[in-house]
Amino acid sequence: FKFFEEYIKSPVVFAEVPLLFEVGWEKFFDEVWVITCLPETQRKRLAERNFSYEFINKLLDLQFPLKEKVKRAHRVFSSEKDINKLKEEVKLILKEYL
């Protein structure tokens, strides 16, 4: 992973990997954080990006069930809350590492 070579001395590095568990890459990370939302919220957000109903269904079928991702995660966040509250929650956790 050349991406990480550039940041090897950084105290914290984030990588967004949409199908992390599905491709088995969780083993490459010290921690896995999962952001959840209600299924209807997920579908609504995808529809707002102009994805068709068929595409959304295929996309969601490729993914592990959210319950399974939550079980495997070190930390879980909900994007149902206000984005500013979510940012504050993450900032507090990051203080533990810095």
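Refer to the structure presented above.
Below: a short report on this structure. Computed from a predicted model, the values in this text were never measured in an experiment.

Another point: helix H5 (residues 83-97). End to end, H5 covers 22 Å across 15 residues, agreeing with the expected 21 Å (1.5 Å per residue, within 8%). For H5, the set of buried residues is Leu-86, Ile-93 and Leu-94. Down the axis of H5, the sector holding all buried residues measures 105°, keeping them to one side. H5 presents Lys-85, Leu-92 and Lys-95 as exposed residues on the side facing more than 90 degrees away from its buried surface. For H5, the N-terminal capping position is held by Asp-82, with its side-chain oxygen 3.0 Å away from the main-chain nitrogen of Asn-84.

Here the largest pocket is characterised by a volume of approximately 1,800 Å³. Lining of the largest pocket is provided by 46 residues; of these, Glu-16, Val-17, Trp-33, Val-34 and Ile-35 occupy positions nearest its centre. Of all the secondary structure elements, the ones that give two or more residues to the lining of the largest pocket are strand S1 (33-36), helix H2 (39-48), helix H3 (53-62), helix H4 (66-72) and H5. Take the lining of the largest pocket: its biggest share by element is six residues, from H5.

For the rest of this paragraph, the subject is the packing of aromatic side chains. By the definition in use, this model includes three aromatic pairs. With 5.2 Å between their ring centres and 45° between their planes, Trp-33 and Phe-77 make a pair best called tilted. With a gap of 44 residues between them, Trp-33 in strand S1 and Phe-77 in strand S2 (residues 75-78) connect regions that are remote in the sequence. For Trp-33, a relative accessible area of 22% puts it in the partly exposed group. Arranged with centres 4.8 Å apart and planes meeting at 35°, the rings of Phe-51 and Phe-55 form a pair that is tilted. For Phe-55, a relative accessible area of 39% gives the class partly exposed. Among the aromatic residues, those joined into a ring-pair cluster are Phe-14, Trp-33 and Phe-77.

Turning our attention to unusual backbone geometry. Among all residues except glycine, the phi angle is most often negative; among peptide bonds, the trans geometry is most common. Residue Asn-50 is not a glycine yet carries a positive backbone phi of 65°. Here Asn-50 is to be found in the loop between H2 and H3. Accessibility expressed as a relative area gives 71% for Asn-50, which makes it exposed.

Moving on, we get to the environment of Glu-6. Along the chain, Glu-6 turns up in the loop between helix H1 (2-5) and S1. Taking the C-alpha atoms as reference points, Glu-6 and Leu-38, 32 residues apart in sequence, are found 36 Å from one another.

Moving on to the side chain of Thr-36. With respect to the element layout, Thr-36 can be found in strand S1. If near-sequence neighbours (up to four positions away) are discounted, Thr-36 is found in contact with Leu-66, Val-70, Val-76, Phe-77, Ser-78, Ser-79 and Glu-80.

About the cut-offs
Residues numbered from 1 in each chain as written. Predicted model: local features only at pLDDT ≥ 70, side-chain atom pairs only at ≥ 80, totals over all residues. Heavy atoms only, no water. Helix = DSSP H or I, 4+ residues; strand = E, 2+ residues; numbered from the N terminus. Expected span 1.5 Å × (residues − 1). Buried < 20%, exposed > 50% of the residue type's maximum accessible area, 1.4 Å probe, protein only. Arc of directions from axis to C-beta. Polar contact = N/O pair within 3.5 Å; in protein donor to acceptor, adjacent residues only side chain to side chain. 1 Å grid on protein atoms, 1.4 Å probe; cavity = no way out; pocket = protein on both sides within 12 Å on 5 of 7 lines; lining within 4 Å. Points joined across faces, edges and corners; volume = space filled by probe spheres on them. Phe/Tyr/Trp six-rings, centres within 6.5 Å; stacked < 30°, edge-to-face > 60°. Contact = heavy atoms within 4.5 Å.

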